Structures are given as structure tokens and as C-alpha cells.
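Listed here are the chains, written in short residue letters.
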Amino acid sequence: MASVLVVEDDQFVRSALIRQLTDASHTVRSVGTALEALREVAHFRFDVVVLDLGLPDLDGSEALKMLRGITDVPVIVATARDDETEIVRLLNAGADDYLTKPFSAEHLSARMAAVLRRARPGGGESAPSPVLRVGGLTVDPLRRQAELDGLRLDLTRREFDLLAFLAGRPGVVVSRRELLAEVWQQSYGDDQTIDVHLSWLRRKLGETAARPRYLHTLRGVGVKLEPPTAPAPGGEPPR
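Q: Lay out the packing of aromatic side chains in plain terms, naming residues and giving numbers.
A: This model, assessed by the stated rule, comprises one aromatic pair. In this structure, R29 packs its charged tip against the face of F44, placed 4.0 Å from the ring centre. Just above the ring of F165 sits the side chain of R169; from NZ or CZ to the centre is 3.6 Å.

Written out as C-alpha cells, the structure is:
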């Protein structure tokens, strides 16, 4: 059971979501505007927020950025906008997942379950995870902190999960299917979500896809994380 905030201005859609989530034993609060949503998350603790983009007072993507300024609660965006640019923008703004309207209650429940699994790692039964070190990169799964060359990295929850998963398998090529299953807890999806988060993570590691240091993509195969190679004589990295 989860505590859910539904942010949806369409009363018919909102009532249907409340009924479906309540029937699934979730505790639900609902609002119809972005400002009301900000007040709710400031005063109550939620496990997940379902955020509509078509709000009357503020565009949902702007509301998402404002939410991210005060809370790291998982946010699933519900949108009728299905173009690639918009989806990338939402993920970059801090969305944990998205659903394209119309969607079924079963689809929403599955996405919520996946997000909540990532937000509640470990379950208290596994042994403490060791600190992971790959070159100048240090990842502490227990403290959920990462450093590069002694400097703290400011990572979102999903970025940290992705980095920690790859750092636990240095030099191993991990397929996108495996990343979806293990990091996103989804059995299906598109590569776009992974590519966006990899791109975002690369920027924070001070590299690009064209000039990688730690993250290396093998086209059609997957991605791996490994220490930077030593510069070749003359100061140029080996190719």
C-alpha cells in the first residue's frame, strides 16, 4: 500500500484514478492545480505523485521542476503529449516515469510498483553493500552518495541507481534490457529513457558520448562502466 497524490484537473479522470487506486488499497489525496500540489507535498509525505501536465494554473513540466526543488518523491507524469522531445524534457526535468493518456489502471499500477521498488531498496534483509570504487569514482550504496576525484556528485535517485548498478559490474557490458529490468524494474520499455539518463549522468561525470571516460556504449550491445585508460605517450588518449 502506498500514499499517493493525484494531481489532475479533470474531475472525471481524477475520480476514476482515486477509485482505482483506493480499490488497490492505496491511500489517496487529490488536487486539481499545481499550487495545491506544492502545498500538499510541503505538508504531507507521499510515496508517489501522479502528475498531469495539463493543469489550469501552471504547465505540468514547470510544476515538476518546482516539486523537485522541495522533494525527491517519485513522480509519474501522465501526459497526452507523446512526442520524443517532450518525453526527453520531462525526464530531464526530474520525472521518474511517464504514462501516455489514455492508460489503464493496470498499467498505472505496474508503473507505480516499479517506481516504489526503486524508492524502497533492500527491504532490510540484504547484507550491507560495500563501497564501490572504479578509478576515481566512489559509490557508497548505503549512504547513497557518489564522488568523482573526491568531489561529491549531485545525482538524482535514478541516476544514482544507474551508476551504482554499473559500478558494481566494472568492465561488464550490460544490455539495455537488463538495465530496464534491474534499474527501472520494468520488463519492457524503450531505449530512450535509458539514453536520456545515461546522457545526463555523462554530463555529471564530465564526459560526452563522443569522448567517454567512464561510460562506454557499445552500439547494439549495451553499456559498460570502467576506469579511464591512461593517456598514451604524447598526452593523447589511446583510440
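Q: Describe in detail helix α4 (residues 84-93), supporting the description with residues and values.
A: By the burial criterion, the buried members of α4 are E86, I87, L90, L91 and A93. Projection of α4 onto a plane perpendicular to its axis shows the buried side chains occupying an angular sector of 165 degrees, all on one side. In α4, the exposed residues that point more than 90 degrees away from the buried face are E84 and T85. Of the residues one or two after α4, G94 is the one with positive phi, at around 115 degrees.

Q: Report on empty space enclosed by the protein, specifying residues and quantitative values.
A: This structure, assessed with the given rule, holds one cavity of 30 Å³ or more. What lines the largest cavity is V7, E8, L17, V50, D52, A78, K101 and F103. Grouping the constituent residues of the lining of the largest cavity by class yields five nonpolar, no polar and three charged.

Q: I'd like a description of the sheet that holds strand β5 (residues 97-100), backed by residues and values.
A: Pairing is parallel across the open sheet formed by five strands, whose spatial order is β2-β1-β3-β4-β5. Looking at strand neighbours, the two that pair on one side only are β2 (27-31) and β5, the edges of this open sheet. This sheet shows a mean twist of 20 degrees between the axes of neighbouring strands, independent of strand direction. Summarising the sheet, strand β3 (residues 48-52) and strand β4 (residues 75-79) pair through four bridges and their orientation is parallel. Note on β4: the bridge partner recorded for V50 is I76. Of the strands in this sheet, β1 (3-7) and β2 are in contact with helix α1 (residues 11-23), which crosses β2 at around 170 degrees. Each of β3 and β4 touches helix α3 (residues 60-70); the most contacted strand, β3, lies at about 155 degrees to it.

Q: Before we move on, could you go through unusual backbone geometry and cite the residues and values that matter?
A: The bulk of non-glycine residues show a negative phi, and the bulk of peptide bonds are trans. With an omega dihedral of -5 degrees, the bond running from K101 to P102 counts as a cis peptide bond. The topology assignment puts P102 in the loop between β5 and α5 (105-119). With a phi close to 75 degrees, S25 is a non-glycine residue in the positive phi region. When you line up the elements, S25 lands in the loop between α1 and β2. Given a relative accessible area of 43%, S25 falls into the partly exposed group.

Definitions and limits used
Sequence order sets the numbering: in each chain, residues are counted from 1 along the sequence as written. With pLDDT at 70 or above as the cut-off, local features in this predicted model cover only qualifying residues; side-chain atom pairs require 80 or more to be listed or tallied, and sums for whole chains, interfaces and linings still use all residues. Note that water and hydrogens are dropped before the side-chain values are worked out from all heavy atoms of the structure. For this analysis, a ring pair means two rings from Phe, Tyr or Trp (six-membered ring only for Trp) whose centres lie within 6.5 Å, classed as stacked if their planes differ by under 30 degrees, edge-to-face if by over 60, and tilted for the remaining angles. Only when the NZ atom of a Lys or the CZ atom of an Arg is both within 6 Å of the ring centre and within 35 degrees of the ring normal do we say a charge sits over the ring. Think of it in three bands: with a 1.4 Å probe and only protein chains considered, a residue is buried below 20% of the maximum accessible area for its type, exposed above 50%, and partly exposed in between. Only DSSP runs of H or I with at least four residues qualify as helices, and only runs of E with at least two residues qualify as strands; both kinds are numbered from the N terminus onward. The arc under discussion is defined with respect to the helix axis, by the directions toward the C-beta atoms. Think of a 1 Å grid over just the protein atoms. A cavity is a set of points where a 1.4 Å probe fits yet cannot get out, a pocket is an open set with protein on both sides within 12 Å along at least five of seven lines, and lining residues have an atom within 4 Å of a point. Grid points are joined across faces, edges and corners, and a volume is the space filled by probe spheres set on the points. Under the scheme applied, nonpolar residues are Ala, Val, Leu, Ile, Met, Phe, Trp, Tyr, Cys and Pro; charged residues are Asp, Glu, Lys and Arg; polar residues are all the others, including Gly. Two strands qualify as a pair provided DSSP detects at least 2 bridges between them. Only the contacting stretch of a helix is used when fitting its axis, a line to C-alpha atoms as for every element, and angles between N-to-C directions run 0 to 180 degrees. Whether two residues are in contact is decided by their heavy atoms, any of which lying within 4.5 Å being enough.

Just distances and angles here, no functional claims.
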